[in-house]
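A closer look at the structure
These are the residues of each chain, in order.
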There are 2 protein chains.
Amino acid sequence: MSAEATGPNKAVHVISRPEGMVSVDNFAVVEVDEPTAPTAEAPVQLKLEHVSVDPYMRGRMRDAKSYIPPFALGEPGAGGVVARVVAVADDGETAGLAAGDLVVGMLPWVLRQNARPDGLTKVDEAVLGGASSSLLLGVLGLTGLTALLPIEKFSQPEAGKVAFVSGAAGAVGSVAGAVLKAKGCTVYGSAGSDEKCAIAQADCGFDAVFNYKTVGSPGEGLDSVLDGKAIDIYYDNVGGEMLDAVLARMAPNGVIICCGAISQYNKKPEELYGLKNYFNIIGRSLSVHGFIVTNWANEFPAAIGRLAGMLQAGQIPVKETVREGFESVPAAFVDLFKGANVGKMIVSKL
Amino acid sequence: MSAEATGPNKAVHVISRPEGMVSVDNFAVVEVDEPTAPTAEAPVQLKLEHVSVDPYMRGRMRDAKSYIPPFALGEPGAGGVVARVVAVADDGETAGLAAGDLVVGMLPWVLRQNARPDGLTKVDEAVLGGASSSLLLGVLGLTGLTALLPIEKFSQPEAGKVAFVSGAAGAVGSVAGAVLKAKGCTVYGSAGSDEKCAIAQADCGFDAVFNYKTVGSPGEGLDSVLDGKAIDIYYDNVGGEMLDAVLARMAPNGVIICCGAISQYNKKPEELYGLKNYFNIIGRSLSVHGFIVTNWANEFPAAIGRLAGMLQAGQIPVKETVREGFESVPAAFVDLFKGANVGKMIVSKL
C-alpha cells in the first residue's frame, strides 16, 4: 500500500447547483470512512490514481434530464479515473481483477472505495511504454476517442479540405486538430491565449490559430486565418458566437461535428447565445452531428489501437495540465471554464 | 397555337429588393417583344403553361451569395415551369424536342420565349393519366422530390417512430407527412389555420395537427399533440421558434431534415430568431441535415417513379392552390408568405 493511503479517506461532494459560473464553493472535500474489506457485493477495493475533470460534467451539476443523470447534492461527484486495485474479496466475482492491477472506469470521487468490476477495464501497462497512466484519461482514453471517432464517422477528411477546430489547445481540440492534420486537411483553430495558439501550432499540427480573446469578433478571427477559404469540416468545442460565425463560412456539403459548447455551459438560460446563421444548413447542404462517445463503447478497443499507433508515429501530441492532490479536484474542474488548461486537465498524486 | 397566344407577350420582372416582407410592388408585369423565330442559339420556342412559385425564391430576391445567384433587378424572375414547345429551329440542336411536346424546366418568367434544350425535360403525357400537368411542378416534380429524397437519405422512417412536419398543409409538408405515414411513422404536424389542420389530417395522413397561430407557443402546441412522446424525425419547413421548440423535444439519435425556414425569410437581419436549444444536438446525439434537391438530379427519374407509384396507390395527396393568369405570378408568390396556399401554389391558364 502506498504511503498516501495512510492519510484519511476523502470524497469530493457536490453540495450546491451553480447558477451561472460554477465555483469551488459548489463542492466540498470531506473526510469519509475507510472502505470495509471488499465484499461480494462490491468486491474490488480501489485507490484512485488519476482523476479526469471534463467540461461535460458542468451539465451534470444542473438538475435537468440529460443523457446522464445529474449529480445528487451531498453525494460524491463522479467521472473518468485511473485506479489501482488494492484488494479483492475472496468470495467475489471480480472479472479477473487482482490486487495490483491498474484499471480505468467511471467512478465516484472517493479516494479509496469498493466497487463492482463491471465498467472497469484492466489496463495492460506495457502498452503505455513507460508513459504516465494519465494518458488513459487523455489521448488513449475518452478524450482521444471523442476526437477520433466522430471525425471518422461523420466527415471525410482528406488533402485539399479545410478544417477548423475551436478550443484548439484543449483536451479534445488538440487531438482533433492533430487527427485532421494527419488525414491531410489544412487545419485552422482558435484558442484563448497567445501561448495556447503558439502551442497548438508548434505541437498539434495546426496551420494557423487565432486568439479569440484579442480579435474584434469570432468572424474577424476566422477571416484572418481562412483568407477567403470556406470550411469543409468544423470540430466544435465551444458553441455560441463562434459556431454562428463558422456557419456563415462553411463550404457547400460541409460537416459540423458538435462536441461541446463550453462558451455556454455557465450561462443562465436568459444569457444563452441564439444562433442566427442556421439558414446556411439549408443553403449550403450542411450536415450537423451531435454524438455521445460512450454510445460507441464497442468500438473503443480498436479505436484506442489506432490512437496508440498515431501517438507512436508522432502524429498526435500529448498535452496535459496536471494538478496535484485529491483536494484539487474542484479547483481543477472550475479552472476548465477559465481556460487554465492546455490539453487534458488531470488531477494526480492523490 | 392557343387562343391566349394572341395577346401581347409578357414578362414578370423583379424591380426592387424587399426589406422585410416581400410585396407585389417588388415586381412588375411588363409587355415584351414576341420572340423571333427560333434560332440555332435558342432553338426551342416555348409557351409557359404552368408557373411554380416557391418560398426558396425569396432568397433569390436578396443580393447575397447563395447556392443560386440572386435575381437581377429589371430582369425576369425565374423558376420551375411547365411549357409547351411551339416551334423549333430547322437548323437547331433541339435534343429531340419537337413542336407540340410538353416540357418541364427552370425558365425565366417570360410567357413566350426561345430557349436552349439543355435543362428541359420532355414529359411523357401518358404518365399523367389525364391529371393536370401542373402535378409536374408538385407531387411529381421538385416538390415531391424535395419531400421524398431527404427522408429516404437521412432518416429511417418505420413503424414505432414519431415524425413531426411543420407546414403540414404546405406544398412540401403535405407530401412529406404522407411519405412518413406511408413508411409507418406516427406523424404530427403544424399548420396556420384550423382549415389547414383539418385538411392535413383528413387527406394527408397526419395523425394530429395543431394550429400554430392559436396555441400559446410552439412548445405548447407540440406538447398537445406529442403527449409526452419525443420526436424521432423532424421535417422542418419553417425554422425559427418552431425549430427551437422541436430541438427541446427530440428523441436520442433523432434526425432533423432542414428543408426551409419560411418563418424567417421576410425578416430583417436584426429580427432573425436565434436558436437557443442547439445544445440538444450534442446531448441527444442528433443529426441535422440541409440539402439542395437539385444536387441529386441524377436520381430524379427513379424517384419520380416511386412518387408516381405512391400517388397511384393513394398514399400521397394531390393538393394544389391554383391562381389564374400570368399577371397573377407576383401575388401568388407573395401570398405564399401569408399562408394563402394549401399544398402547391401554381399559376395556370397563362
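Residues numbered from 1 in each chain as written. Chains lettered and ligands numbered in written order. Predicted model: local features only at pLDDT ≥ 70, side-chain atom pairs only at ≥ 80, totals over all residues. Heavy atoms only, no water.

1. Focus: the packing of aromatic side chains
For the structure on display, the rule yields 18 aromatic pairs over all chains. Between A:Phe333 and A:Phe337 the ring centres are 5.2 Å apart and the planes differ by 85°, which places this aromatic pair in the edge-to-face class. A:Phe333 sits in the buried class, given a relative accessible area of 1%. Centroid distance B:Phe27 to B:Phe333: 5.8 Å. Interplanar angle 80°. Geometry classified as edge-to-face. Here the residue B:Phe27 occupies a position in strand β2 (residues 27-31), and B:Phe333 occupies one in helix α9 (residues 329-336), the gap between them amounting to 306 residues. Relative accessible area serves as the criterion here: at 7%, B:Phe27 is assigned to the buried category. Clustering of aromatic rings is evident, with ring pairs tying together A:Phe27, A:Phe71, A:Trp109, A:Phe333 and A:Phe337. The ring centre of A:Trp296 lies 4.9 Å from the NZ or CZ of A:Lys153, which sits over that ring. (Phe/Tyr/Trp six-rings, centres within 6.5 Å; stacked < 30°, edge-to-face > 60°. Buried < 20%, exposed > 50% of the residue type's maximum accessible area, 1.4 Å probe, protein only. Helix = DSSP H or I, 4+ residues; strand = E, 2+ residues; numbered from the N terminus. Lys NZ or Arg CZ within 6 Å of the ring centre and 35° of its normal.)

2. A few points about the relation of the copies chain A and chain B
Rotating chain A by 180° and translating it 0.0 Å along the rotation axis places it on chain B, where the RMSD comes to 0.0 Å. In short, the pair behaves as if placed about a two-fold rotation axis. If distances are taken from each C-alpha of chain A to the rotation axis, the shortest is found for A:Gly274, at 1.9 Å. The fraction of interface residues of chain A whose copies in chain B are also interface residues reaches 100%, indicating that both copies meet through the same surface. (Least-squares fit on C-alpha atoms with pLDDT ≥ 70 in both. Contact = heavy atoms within 4.5 Å.)

3. Re the interface of chain A and chain B
Chain A puts 31 residues into the contact, and the matching count from chain B is 31 residues. Roughly 2300 Å² of surface becomes buried between chain A and chain B when both sides are summed, with 60% attributable to carbon and sulfur atoms. Looking only at chain A, the three residues that lose the most surface to chain B are A:Lys276, A:Tyr278 and A:Ile282, adding up to 25% of its buried area. Linking chain A to chain B there are 0 salt bridges. Across the chain A-chain B interface, the total number found is 12 residue pairs in polar contact (both at pLDDT 80 or more). Listed by contribution, the elements that provide at least two residues to the side of chain A that touches chain B are α6 (240-247), β13 (250-258), α7 (279-283) and β14 (287-290) of chain A. Broken down by class, the residue content of the side of chain A that touches chain B amounts to 17 nonpolar, 12 polar and 2 charged. Bridge count for β14(A) against strand β14 (residues 287-290) of chain B is 3 bridges, and the pairing is antiparallel. (Buried area = accessible area lost by both parts, 1.4 Å probe. Salt bridge = Lys/Arg side-chain N within 4 Å of Asp/Glu carboxyl O. Polar contact = N/O pair within 3.5 Å; in protein donor to acceptor, adjacent residues only side chain to side chain. Nonpolar A, V, L, I, M, F, W, Y, C, P; charged D, E, K, R; others polar. Pairing = 2+ DSSP bridges.)

4. Observations regarding the pairing of strand β6 (residues 102-108) of chain B
Residue and element names in this part refer to chain B. β6 sits mainly inside the fold: 5 of its 7 residues count as buried. The pairing of strand β5 (residues 78-88) with β6 spans 7 bridges and is antiparallel. Along β6, the bridge assignment pairs Val82 with Val104. Sheet analysis places β6 next to strand β8 (residues 121-122), joined by 2 bridges and oriented antiparallel.

5. As for the domain arrangement of chain A
Interface extent is often summarised as the accessible area lost during association of the parts. All names here are of chain A. Along its sequence, chain A is organised into domain 1 (3-137 + 319-348) and domain 2 (142-294). On a C-alpha basis, the centroid separation for the pair domain 1 and domain 2 is 29 Å. The largest contributions to the domain 1 side of the interface with domain 2 come from Tyr67, Lys319 and Val342, which together make up 30% of the buried area. The interface formed by domain 1 and domain 2 includes 1 salt bridge. Two residues, Asp203 and Lys319, come together in a salt bridge whose shortest N-O distance is 2.5 Å. The tally of links from domain 1 across to domain 2 stands at 10 residue pairs in polar contact (both at pLDDT 80 or more). A class-by-class count of the residues in the side of domain 1 that touches domain 2 yields 11 nonpolar, 4 polar and 6 charged. (Domains from an automatic or database assignment.)

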